[in-house]
Amino acid sequence: MRLHVVDHPLVSHKLTVLRDEQTDSPTFRRLTDELVTLLAYEATREVRVDPRDITTPVGPTTGVYLAQPRPMVVPILRAGLGMLDGMMRLLPTAEVGFLGMVRNEETLEASTYAERLPDDLSGRQCYVLDPMLATGGTLAAAINFLTSRGADDITAICLLAAPEGVANLEAGLEGLDVPVTVVTAALDEKLNDKGYIVPGLGDAGDRLYGVAH
Ligand code: URA
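Thresholds applied
Residues numbered from 1 in each chain as written. Predicted model: local features only at pLDDT ≥ 70, side-chain atom pairs only at ≥ 80, totals over all residues. Heavy atoms only, no water. Axes fitted to C-alpha atoms, helices over the stretch in contact; angles between N-to-C directions. Helix = DSSP H or I, 4+ residues; strand = E, 2+ residues; numbered from the N terminus. Parallel < 35°, antiparallel > 145°, perpendicular 65-115°, else oblique. Left-handed = near helix turned anticlockwise from the far one by under 90°. Contact = heavy atoms within 4.5 Å. Nonpolar A, V, L, I, M, F, W, Y, C, P; charged D, E, K, R; others polar. Phe/Tyr/Trp six-rings, centres within 6.5 Å; stacked < 30°, edge-to-face > 60°. Lys NZ or Arg CZ within 6 Å of the ring centre and 35° of its normal. UniProt positions renumbered as here; feature names shortened; annotations may be inferred. Buried < 20%, exposed > 50% of the residue type's maximum accessible area, 1.4 Å probe, protein only. Expected span 1.5 Å × (residues − 1). Salt bridge = Lys/Arg side-chain N within 4 Å of Asp/Glu carboxyl O. Near = heavy atom within 4 Å. Polar contact = N/O pair within 3.5 Å; in protein donor to acceptor, adjacent residues only side chain to side chain. Areas by Shrake-Rupley, 256 points an atom, 1.4 Å probe, with all protein chains shown as cover. Patch = residues over 30% accessible without salt bridge, like charges linked within 9 Å, V, L, I, M, F, W, Y side chains within 5 Å. Disulfide = S-S within 2.5 Å. Core = buried A, V, L, I, M, F, W, Y, C linked by side-chain atoms within 4.5 Å. Pairing = 2+ DSSP bridges.

(A) Examining the packing of helix α1 (residues 9-19) against helix α2 (residues 25-43) more closely. Contact geometry of α1 with α2 gives a least axis separation of 10 Å together with a crossing angle of 155 degrees. Taken together, the axes of α1 and α2 are roughly antiparallel relative to one another. Note on packing geometry: the crossing formed by α1 with α2 is left-handed. Counted together, Leu 10, Val 11, Lys 14, Leu 15, Val 17 and Leu 18 of α1 and Phe 28, Leu 31, Thr 32, Glu 34, Leu 35, Leu 38 and Leu 39 of α2 form the full contact between these two elements. Of the residues in the contact of α1 with α2, the class split is ten nonpolar, one polar and two charged.

Right, here's the structure in full:
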């Protein structure tokens, strides 16, 4: 697994505003959207393209188009939905599949409660959107789910990651013969005893959409 921490002053600035507990929900949603677009630019560095002959007003040339099958973007409900528009701005022709996963706040185990994805993902590059790589359980379950359907290249985009989550994710993907990259705006200090990233930004879903429980 490859971890790419995007080191850019605009990313750091937007992340700092997101972290601030004074930032309200509308601002949090807008900044998440902007931040994801910046992360998506890095995350799509290896997106597959095919050569394409075209003619400009001045003459013929060969460029590239996104390859078929089209990339699949997979937000993890609920909080991953807040990242979808920012991603699709950069990859408007991608397809979108949904995975609903919830973590049991006592055991911290992830389980799937909803799924809307093609049965066959053979040859598909998948971009998983999950704001917080905390324990790593949700992301490991999502990636194993996608590869079990044939996805052959996975990039996860996370606003933040915890070192424990990165290590657990690596362990959870052991033996998987599919390249996995995690792109994040920062690798934080640790997890607290409730499984929250420290210093983090709190509950991403609640900050995007309000308290759900
Ligand atoms: N999920 C969140 O929303 N925030 C955390 O810090 C950890 C998991």
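(B) Molecular detail of the packing of aromatic side chains. Evaluated as defined, the whole model comprises zero aromatic pairs. The ring of Tyr 65 carries Arg 52 above its face, with NZ or CZ at 3.6 Å from the centroid.

(C) Seen up close, the UniProt feature "binding site: 5-phospho-alpha-D-ribose 1-diphosphate" (unreviewed entry) in the protein chain. Mapped onto this numbering, the UniProt entry gives "binding site: 5-phospho-alpha-D-ribose 1-diphosphate" (unreviewed entry) at Arg 78, Arg 103, Asp 130, Pro 131, Met 132, Leu 133, Ala 134, Thr 135, Gly 136, Gly 137, Thr 138 and Asp 203. You can see Pro 131 is positioned in the loop between β8 (125-129) and β9 (132-133). Judged by relative accessible area, which is 3%, Pro 131 ranks as buried. In this structure, Pro 131 is in contact with Ala 79, Gly 80, Met 83, Cys 158, Leu 159, Leu 160 and Ala 204, ignoring residues within four places of it in sequence.

(D) Inspection of α2 at higher detail. Taking 1.5 Å of rise per residue, the 19 residues of α2 would be expected to cover 27 Å, and the 26 Å separating its terminal C-alpha atoms lies within 8% of that figure. For α2, the full list of buried residues reads Phe 28, Leu 31, Thr 32, Asp 33, Leu 35, Val 36, Thr 37, Leu 39, Ala 40 and Ala 43. Against α1, α3 (84-90), β8, β10 (153-161), β11 (180-187) and α6 (204-209) lie the buried residues of α2.

(E) View of the pattern of salt bridges. For the structure shown, the criterion picks out eleven salt bridges. One salt bridge connects Arg 78 with Asp 206, and the closest N-O pair in it is separated by 2.7 Å. In this pair, Arg 78 is assigned in the loop between β4 (72-77) and α3 and Asp 206 in helix α6, connecting sequence segments 128 residues apart. By relative accessible area, Arg 78 is classed as partly exposed at 29%.

(F) The site of the ligand, seen in detail. Taken together, Arg 103, Met 132, Ala 134, Gly 195, Tyr 196, Ile 197, Gly 202, Asp 203 and Ala 204 are the residues near the ligand. Contact distances for the ligand include 2.7 Å between a nitrogen atom and a backbone N or O atom of Gly 202. In the environment of the ligand, an oxygen atom lies 2.7 Å from a nitrogen or oxygen atom belonging to the backbone of Ala 204. For the ligand, whose unbound accessible area comes to 230 Å², protein coverage reaches 88%.

(G) Broad picture of a nonpolar patch on the surface. On the surface, a cluster of nonpolar side chains totalling about 280 Å² of accessible area is made up of Met 1, Leu 3, Val 5 and Leu 187. Residue placement: Met 1 occurs in the segment before β1 (2-5). For Met 1, a relative accessible area of 34% gives the class partly exposed.

(H) Broad picture of the state of the cysteines. All told, the structure shown has zero disulfides when counted by the stated rule. Looking at Cys 126, it has no disulfide partner, and the nearest cysteine sulfur is the one in Cys 158, 15 Å off.

(I) The arrangement of the nonpolar core in detail. In this structure, Leu 35, Leu 39, Val 73, Met 87, Ile 157, Leu 159 and Leu 201 are the most contacted members of the largest nonpolar core, which totals 36 residues. Those elements giving two or more residues to this core turn out to be α1, α2, α3, β8, β10, β11 and α6. Residue contributions to this core peak at seven residues, all from α2. Excluding its chain neighbours within four sequence positions, the residues that come into contact with Leu 39 are Val 6, Val 11, Ile 157, Cys 158, Leu 159, Val 183, Thr 184 and Ala 185. Val 74, Met 101, Val 128 and Leu 133 belong to the second-largest nonpolar core, a separate cluster that totals 26 residues.

(J) Molecular detail of the pairing of strand β6 (residues 98-103). Where β4 and β6 come together, two bridges link them in parallel fashion. The partner of Leu 77 across the bridge, within β6, is Gly 100. The pairing of β6 with strand β7 (residues 110-116) spans six bridges and is antiparallel. Across the sheet, the residue bridging to Leu 99 is Glu 115, located in β7. Counting the residues in the hairpin turn of β6 and β7 gives six residues, including Leu 108, whose phi is positive at 65 degrees.

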